[in-house]
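Fold and geometry: a report
Here is what each chain is made of, one letter per residue.
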Amino acid sequence: MWYHRPAINEELLQSLPNLKVVASSGVGIDHLDLKLLSSYGVKVSNTPFIVSTDTADMGMTLMLASARRLVEGHEMAVSPDTEYFPADWLGTEVSGATLGIVGMGVIGYKVAERAKAFEMKILYHNRSQRKKEEESAVGAVYCKKIDDLLQQSDFVLLAVNLTPQTHKLIGKRELELMKPTATIINISRGLVVDHDALVEALQNKVIKAAALDVTYPEPLPRDHPLLKMKNVIITPHIGSATKKTRWVMMEEMAESIEAGLAGLPIPHEVL
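Sequence order sets the numbering: in each chain, residues are counted from 1 along the sequence as written. For a predicted model such as this one, the threshold for reporting local features is a pLDDT of at least 70, and the threshold for listing and counting side-chain atom pairs is 80 or more; totals across whole chains, interfaces and linings nevertheless cover every residue. Hydrogens and waters are ignored; side-chain quantities use all the structure's heavy atoms.

The name given to the chain in an unreviewed UniProt entry is Glyoxylate reductase/hydroxypyruvate reductase, with the source organism recorded as Grantiella picta. UniProt positions are given in the numbering used here, feature names are shortened, and annotations may be inferred rather than shown by experiment. One UniProt comment on the chain, placed under Sequence similarities (unreviewed entry), says "Belongs to the D-isomer specific 2-hydroxyacid dehydrogenase family."

1. Describing the pattern of salt bridges
In what follows, salt bridge is the name for a side-chain nitrogen of Lys or Arg lying within 4 Å of a carboxyl oxygen of Asp or Glu. Scanning the entire structure with this criterion turns up 10 salt bridges. A salt bridge links E135 to K132, with the shortest nitrogen-to-oxygen separation between them at 3.9 Å. Residue E135 and its partner K132 are both found in helix α6 (residues 132-138); the two are separated by three residues, about one turn of the helix. For E135, a relative accessible area of 8% puts it in the buried group. K132 gets classed as exposed once you look at its relative accessible area, which sits at 56%. K172 is the partner of E176 in a salt bridge, and the nearest nitrogen-oxygen pair spans 3.0 Å. Of this pair, E176 and K172 both sit in helix α8 (residues 172-177), four residues apart, which is roughly one turn of that helix. Where helices and strands are cited, they refer to DSSP runs of H or I of at least four residues and of E of at least two residues respectively, numbered from the N terminus. A simple rule labels every residue: compare its accessible area, found with a 1.4 Å probe on the protein chains alone, to the largest value its type can have, and call it buried under 20%, exposed over 50%, or partly exposed in between.

2. Section: the UniProt feature "domain: D-isomer specific 2-hydroxyacid dehydrogenase catalytic" (unreviewed entry) in the chain
The UniProt entry lists residues 2-270 under the feature "domain: D-isomer specific 2-hydroxyacid dehydrogenase catalytic" (unreviewed entry), expressed in the numbering used here. Taken end to end, residues 2-270 has its terminal C-alpha atoms 16 Å apart, with 36% of it in helix and 13% in strand.

3. Remarks on the domain arrangement of the chain
An automatic or database domain assignment is the source of the domain bounds shown. When its domains are assigned, the chain resolves into domain 1 (10-49 + 242-262) and domain 2 (51-81 + 91-234). Taken over C-alpha atoms, the centre of domain 1 sits 29 Å from the centre of domain 2. Pairs of residues are marked as contacts when any of their non-hydrogen atoms sit within 4.5 Å. Between domain 1 and domain 2, the residue contacts involve 10 residues of the former and six residues of the latter. The interface formed by domain 1 and domain 2 contains one salt bridge. With a closest N to O distance of 3.1 Å, R189 and D30 form a salt bridge. Pairs of N or O atoms are called polar contacts if they sit within 3.5 Å, as long as, within protein, a hydrogen donor faces a hydrogen acceptor (for residues adjacent in sequence, only side-chain-to-side-chain pairs). Between domain 1 and domain 2 we count five residue pairs in polar contact (both at pLDDT 80 or more) in total.

4. Describing helix α4 (residues 70-78)
Restricting attention to buried positions, one finds in α4 the residues E72, G73 and M76. One face of α4 carries all of its buried residues, which in axial projection span an arc of 100 degrees. Exposed and facing more than 90 degrees away from the buried side of α4 are L70, H74 and V78. Here, the arc refers to the directions that run from the helix axis to the C-beta atoms.

5. Concerning the environment of L177
Structurally, L177 can be placed in helix α8. The sequence separation of L177 and V160 amounts to 17 residues, and the corresponding C-alpha distance is 19 Å. Non-local contacts of L177, meaning those with residues more than four positions away in its chain, are made with D147, L150 and Q151.

6. Some words on helix α3 (residues 52-67)
Multiplying 1.5 Å by the residue count of a helix minus one yields the expected span of that helix. Compared with an ideal rise of 1.5 Å per residue, which puts 16 residues at 22 Å, α3 spans 23 Å between its outermost C-alpha atoms and is within 8% of the ideal. Within α3, 12 of the 16 residues are buried, which leaves the element mostly enclosed by the surrounding structure. Burial in α3 covers these residues: S52, D54, T55, A56, M58, G59, M60, L62, M63, A65, S66 and A67. Backbone geometry just after α3 places R69 at a positive phi near 50 degrees.

Here it is as structure tokens:
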């Protein structure tokens, strides 16, 4: 499966009685009905670890681009109407700012490692607290309640899996807890954020900006309000989109398929 295609539904499973394994690219499995697949005796694999480095890089890229208004600046620099660069055209500091990471798994932790180099204060919210030595290595402080993280952070970065518990995790209430100067960055799944609430928060200056590598749906309808906002950066779900990573993803998927067909343990089986 690549980009969640083909759709693995009951009709497909019934038409493929000899199917043994489904190899899905990337780490997310929210597009798969694991119980349905298991009922047909079909095993599932993904590529969870290879994507983490590039996706963490993408998170930092979005934070820096949004803070320094990179897209707006490029448009100004190349516009045929530009006669001078205004002196009061300013961005936001990243170094020394507070970063709140929601979801401190492999990707979230790699973001923290990068943010440490920017001398950022790092807060994180996770289902469980990291080991003390892991926290110390990046200078991260655990927030048991997500509200505490939202209230203190200059940048809120989402790196959670999409589950029933994280579906629209960030809605109107959560956005209103954030600073009016804060930016939200989403490198997880579009459905983690309530888009209607986000549009309202940006329009009413409840928060300052958003940088999204994921939306719902993908792509957004061409008339969607988020596409017209200067304080929003949207990229086409390219967190893992580098040549090396995509090649290794393909290799790992092939290895899982070969193992499944041979009746051997699947390297990255989703249990």
